[in-house]
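These are the residues of each chain, in order.
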Amino acid sequence: MANTINAGLQNNIISQSALDQFTSILAPVQAFSSSFNDEASQKGKTINITTLDNTSSAANFAGTYTAQNTTYGTTTISLTGHKFVTWHVTDTEASQSSAVELQRFGYQKGGDLAKAVYQDILSDVTAANFSTAGFIGAASTFDADDVADLRGLAIAANLPVDQCALVLDSTYFTALLKDNNLNPAMTYGDADVIRDGRIPSLFGVGNLFESTAIPSNSENLVGFLAHPSAMAVAMRYLQPINGKEYIAARRLYDEDSGMVLGYREFYEPSTGTQTAVLEAVYGYSTAIAGSLIRMTSA
């Protein structure tokens, strides 16, 4: 006999699993300067995000203090991105849905939305915006030595490597996991590689992210090493003008990442159909070109 799930519990189960998968796929976006919070906003709102470029080296004091050049400014972003996914269930389908099925459904929808937003943001990671290519080659040729080379390029560009993140296509991340210099726990000093398939840090690079959704951008893009000043990304909750017209209309907020989604749900009595909408309102912009090093397969 099928379980009958309360309507309120249904949207809670679906929306929470959707948020979990959304933040998981979009985790690499945290490599950039960001402004994520659950404040309500309107589409098109302008948000300023602080970006700090490389600073000058220390100077010798020779009787006077001279002003050193530091690019300290803001990147202005308009919340022009608005993507959504929808789904619906009939009264009969709702009565026959188990909690497990609902959770899987929300997980898939959250992933679909996240992939679309993520690839839109990364569409700016091109040779025109970020000219430095630090690695060119197949995944089979990629190893820890190449990460060290990327680190060297970052240092040469005066980027603090501990603040940088390395985002890799899953095939390149897998190549690192297979590197014999990393996977023995005694050599690496941490069992995460073997136990969890995770590389928390490497050669001082602050964060490593694995991704299955990096767009090629028609340039064979497979990854990048970035300082937060390379790009700026913002995300806000789009509040309905009249939330009372919906069965449910609320923000979904992840406290760890700060990412926020909107969830709306409405019912059509004539068809006995309940429809839900999961939406993301966001904006992004390139900031400092020298703060990102691209990786391509060819």
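The structure displayed is predicted, hence computed values, not measured ones.

Examining the sheet that holds strand β8 (residues 221–226)
Taken together, five strands build an open sheet; the order of strands is β5-β13-β8-β6-β7 and the sheet is mixed. Of all strands in the sheet, those with a lone pairing partner are β5 (133–136) and β7 (207–211), marking the two edges. Here the average twist between neighbouring strands, direction ignored, is 15°. The pairing of strand β6 (residues 165–169) with β8 spans four bridges and is antiparallel. Within β8, the position partnered with V167 by the bridge is F224. With respect to the sheet, helix α5 (residues 170–178) is in contact with β5, β6, β7, β8 and β13 (292–296), its orientation differing from that of β6 by roughly 105°.

Concerning the nonpolar core
Residues F22, L26, F32 and L278 are the most contacted members of the largest nonpolar core, which totals 44 residues. Take this core: its biggest share by element is five residues, from helix α3 (residues 99–121). A154, L176, L208 and I293 belong to the second largest nonpolar core, which has 24 residues in total.

Topic: unusual backbone geometry
Its identity is not glycine, yet N158 carries a phi of approximately 65°, on the positive side. Looking at the element boundaries, N158 is found in the loop between α4 (144–156) and β6. Taking relative accessible area as the criterion, N158 reaches 41% and is therefore assigned partly exposed.

As for the side chain of T275
Residue placement: T275 occurs in strand β12 (residues 273–286). A relative accessible area of 18% places T275 in the buried class. Dropping the residues within four chain positions of it, T275 is found in contact with W87, H88, R264, E265 and F266.

Describing a negative patch on the surface
On the surface, a cluster of negative charge is made up of D38, E39, E255 and D256. Within the secondary structure, D38 is located in strand β1 (residues 33–41).

Observations concerning the environment of N129
Its place among the elements puts N129 in the loop between α3 and β5. Relative accessible area serves as the criterion here: at 28%, N129 is assigned to the partly exposed category. The spacing of N129 and G290 is 161 residues in sequence and 9.1 Å in space, taken between C-alpha atoms. Those residues in contact with N129, other than ones at most four positions away along the chain, are D124, T286 and A289.

Parameters at a glance
- Residues numbered from 1 in each chain as written.
- Predicted model: local features only at pLDDT ≥ 70, side-chain atom pairs only at ≥ 80, totals over all residues.
- Heavy atoms only, no water.
- Pairing = 2+ DSSP bridges.
- Helix = DSSP H or I, 4+ residues; strand = E, 2+ residues; numbered from the N terminus.
- Axes fitted to C-alpha atoms, helices over the stretch in contact; angles between N-to-C directions.
- Contact = heavy atoms within 4.5 Å.
- Core = buried A, V, L, I, M, F, W, Y, C linked by side-chain atoms within 4.5 Å.
- Buried < 20%, exposed > 50% of the residue type's maximum accessible area, 1.4 Å probe, protein only.
- Patch = residues over 30% accessible without salt bridge, like charges linked within 9 Å, V, L, I, M, F, W, Y side chains within 5 Å.
- Areas by Shrake-Rupley, 256 points an atom, 1.4 Å probe, with all protein chains shown as cover.
- Salt bridge = Lys/Arg side-chain N within 4 Å of Asp/Glu carboxyl O.
- Lys, Arg positive; Asp, Glu negative; His and termini not counted.
- Charge placed at Lys NZ, Arg CZ, Asp CG, Glu CD.

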